[in-house]
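Secondary and tertiary structure notes
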Amino acid sequence: MCLPRLRVACADDHRTSTGPSVITALAGGVGAARLLRGMVEVVEPAQITALVNVGDDTDLHGLHISPDLDTVMYTLADAINPETGWGLAGESWHVMEALGLIGGVTWFNLGDRDLATHFYRTQRLSEGAPLGTVTTELAERFGVGVRLVPVTDDRLRTRVLLAEGGEVGFQEYFVKLQHDVAVRQVRFDGAEHARPGPGVLDAITGASIVVVCPSNPVVSIDPLIAVPGVADALAARRDRTVAVSPIVAGAALKGPADRLLVEMGFESSVVGIARWYARFVSTLVVDQADAALATAVEAEGVRCVVAPTIMSDVTRSAALAQVVLDVFD
């Protein structure tokens, strides 16, 4: 396979531009939220559609909670809690404290202000509104210009099979068990019957560029791919699809992506990411710390672009977003 010559980019490449006319991002978690926040600094938010993971949605206290949708929405609204990377800034915890005093379930923290989002979502779903419609309503109320779309309106749940036996929901694995247990398998309950949300496939096939955000490939991106029709749509747009590696120097910046890759039989490196994504991604952006692995990445059939990928503030997020949007120029 003949690959384009390795490109090296740097933060100095950051500039204001109109960018591609239509951008579709596959998103889940903090890394995706930060890249999208940077992206709206360099292109108009209305040019961006984010297809968001719902595999980590959960039902707790009678509420429908959508952690990835909310993290992306709060970040784009500049309302995210900067200390946790999830929930709302300036939060209080009176409800959880009171619940704990009477012996309720408190392993999954919900702030007092954050609860309003879950109350609203649950109410609207009970009235028959699809999740996508409710997401649009919430995004408008938070002043988010990016089009946020759950990958499916149907029930889809990530289930984690533990090496020691037993199966738990994703939030039990991630929060209750602090993702500190070995995993044998990950499956996506309901995926085989799920339908892509309205506009999901069109957003992929009609995009000028498809961006796979630096999200956990096993539990944030693969739930999207598991929805019938999504993988085929992505494969058809492989030549216009770019991913940002969530692995830097062999480790995940946040969460268990590095350990999960190894547990699924892949190496925890940008090479492992390239191998995981090669079927639908033609270009991988890796951090400067992994520049020495560029040749190995391209041996997987994926073009490699080297750039600073650690998004410690909005300026760095915007610089990375610009690199990503420029890869096919």
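For the structure, see preceding data.
Notes on the structure follow.

This paragraph deals with the overall build of the protein chain. When its secondary structure is counted, the protein chain shows 13 helices and 15 strands. Computed over the C-alpha atoms, the radius of gyration of the protein chain is 19 Å, within 12% of the 20 Å expected from 2.2 N^0.38 for a compact globule of 329 residues. Across its three principal axes, the protein chain shows a C-alpha extent of roughly 60 × 45 × 35 Å. Expressed as a percentage of its 329 residues, the buried residues of the protein chain come to 56%. Sequence-distant contacts, at least 24 apart, represent 70% of the contacts inside the protein chain between residues at least 6 apart. When the accessible surface of the protein chain is summed, it comes to about 13,600 Å², and 53% of that surface belongs to carbon and sulfur atoms.

Mapping threonine 241 onto the fold places it in strand E11 (residues 241–244). Only 2.8 Å separates the side chain of threonine 241 from the backbone oxygen of arginine 237, close enough to count as a polar contact.

This part is about the environment of alanine 46. Residue placement: alanine 46 occurs in the loop between helix H1 (29–39) and strand E3 (48–52). Given a relative accessible area of 72%, alanine 46 falls into the exposed group. As a C-alpha pair, alanine 46 and valine 144 span 98 residues in sequence and 9.4 Å in three-dimensional space.

With that settled, consider unusual backbone geometry. Unlike most non-glycine residues, histidine 179 shows phi in positive territory, near 40°. Judged by its relative accessible area of 18%, histidine 179 is buried. A positive phi angle, near 55°, is found at alanine 249, a position not held by glycine. Looking at the secondary structure, you find alanine 249 in the loop between strand E12 (247–248) and strand E13 (251–252).

A complete count under the given rule lists 15 salt bridges for this structure. Aspartate 222 is the partner of arginine 279 in a salt bridge, and the nearest nitrogen-oxygen pair spans 3.9 Å. Taken together, the positions of arginine 279 in the loop between helix H11 (270–277) and strand E14 (283–286) and aspartate 222 in helix H8 (residues 217–225) put the pair 57 residues apart, joining distant regions of the chain. Here aspartate 313 ties to arginine 316 by a salt bridge, and the two come within 2.4 Å at their closest N and O atoms.

Another aspect to go through is the packing of H1 against helix H13 (residues 314–325). Between H1 and H13, the shortest axis-to-axis distance is 7 Å and the interhelical angle comes to 80°. Considering the angle they form, H1 stands roughly perpendicular to H13. Along its contact with H1, which presents Arg34, Leu35, Arg37, Gly38 and Met39, the element H13 presents Val314, Ser317, Ala318, Leu320, Ala321 and Leu325. Per-class residue counts for the contact of H1 with H13 are seven nonpolar, two polar and two charged.

Further remarks concern H11. Here H11 lies mainly inside the structure; seven of its eight residues are buried. When we look at burial in H11, the residues that qualify are Val270, Val271, Gly272, Ile273, Ala274, Trp276 and Tyr277. Between the side-chain oxygen of the N-cap and the backbone nitrogen of valine 271 there are 3.1 Å, and the N-cap of H11 in question is serine 269.

Counting through the fold element by element, histidine 179 comes out in the loop between helix H6 (170–176) and strand E9 (183–189). Each C-alpha atom, one on histidine 179 and one on arginine 259, is 9.5 Å from the other, the two residues being 80 residues apart in sequence. Not counting residues up to four positions away in its chain, the partners in contact with histidine 179 are Tyr173, Phe174, Gly255, Pro256 and Arg259.

Turning to the pairing of E14, a few remarks are in order. Both faces of E14 are covered, namely the face carrying Thr283 and Val285 and the face carrying Leu284 and Val286. With three bridges connecting them, E11 and E14 associate as parallel partners. When the sheet's bridge partners are listed, alanine 243 is paired in E14 with leucine 284. As paired elements, E14 and strand E15 (residues 303–306) share four bridges and run parallel to each other.

What counts, and where the lines are drawn
- Within each chain, residues carry numbers counting from 1 in the order of the written sequence.
- With the structure being a predicted model, the display of local features is reserved for residues of pLDDT at least 70 and the display and counting of side-chain atom pairs for 80 or more, all residues being used for whole-chain, interface and lining totals.
- Computation of side-chain values: all heavy atoms of the structure, hydrogens and water removed.
- Only DSSP runs of H or I reaching four residues or more are called helices, and only runs of E reaching two or more are called strands; each is numbered from the N terminus.
- The globule rule is 2.2 Å times the number of residues to the power 0.38, and the radius of gyration it is compared with is taken over C-alpha atoms.
- The buried label applies to any residue whose accessible area, calculated with a 1.4 Å probe on protein chains only, is under 20% of its type's maximum; exposed applies above 50%, and partly exposed to all values in between.
- Whether two residues touch is decided by their heavy atoms; if any such pair falls within 4.5 Å, the residues are in contact.
- Accessible areas in this description were obtained via Shrake-Rupley with a 1.4 Å probe; residue shielding takes into account the shown protein chains only.
- Each polar contact in these results corresponds to two N or O atoms within 3.5 Å; when the atoms are within protein, one needs to be able to donate a hydrogen and the other to accept it, and residues that are neighboring in sequence are counted only if both atoms are side-chain atoms.
- By salt bridge we mean one thing: a side-chain nitrogen of Lys or Arg within 4 Å of a carboxyl oxygen of Asp or Glu.
- Angles here are taken between N-to-C directions and fall from 0 to 180 degrees, while the axes themselves are lines fitted to C-alpha atoms, restricted in helices to the stretch in contact.
- Roughly parallel here means an angle under 35 degrees, roughly antiparallel means over 145, roughly perpendicular means 65 to 115, and every remaining angle is called oblique.
- Note on residue classes: Ala, Val, Leu, Ile, Met, Phe, Trp, Tyr, Cys and Pro are nonpolar, Asp, Glu, Lys and Arg are charged, and everything else, Gly too, is polar.
- Pairing between two strands requires that DSSP report at least two bridges joining them.

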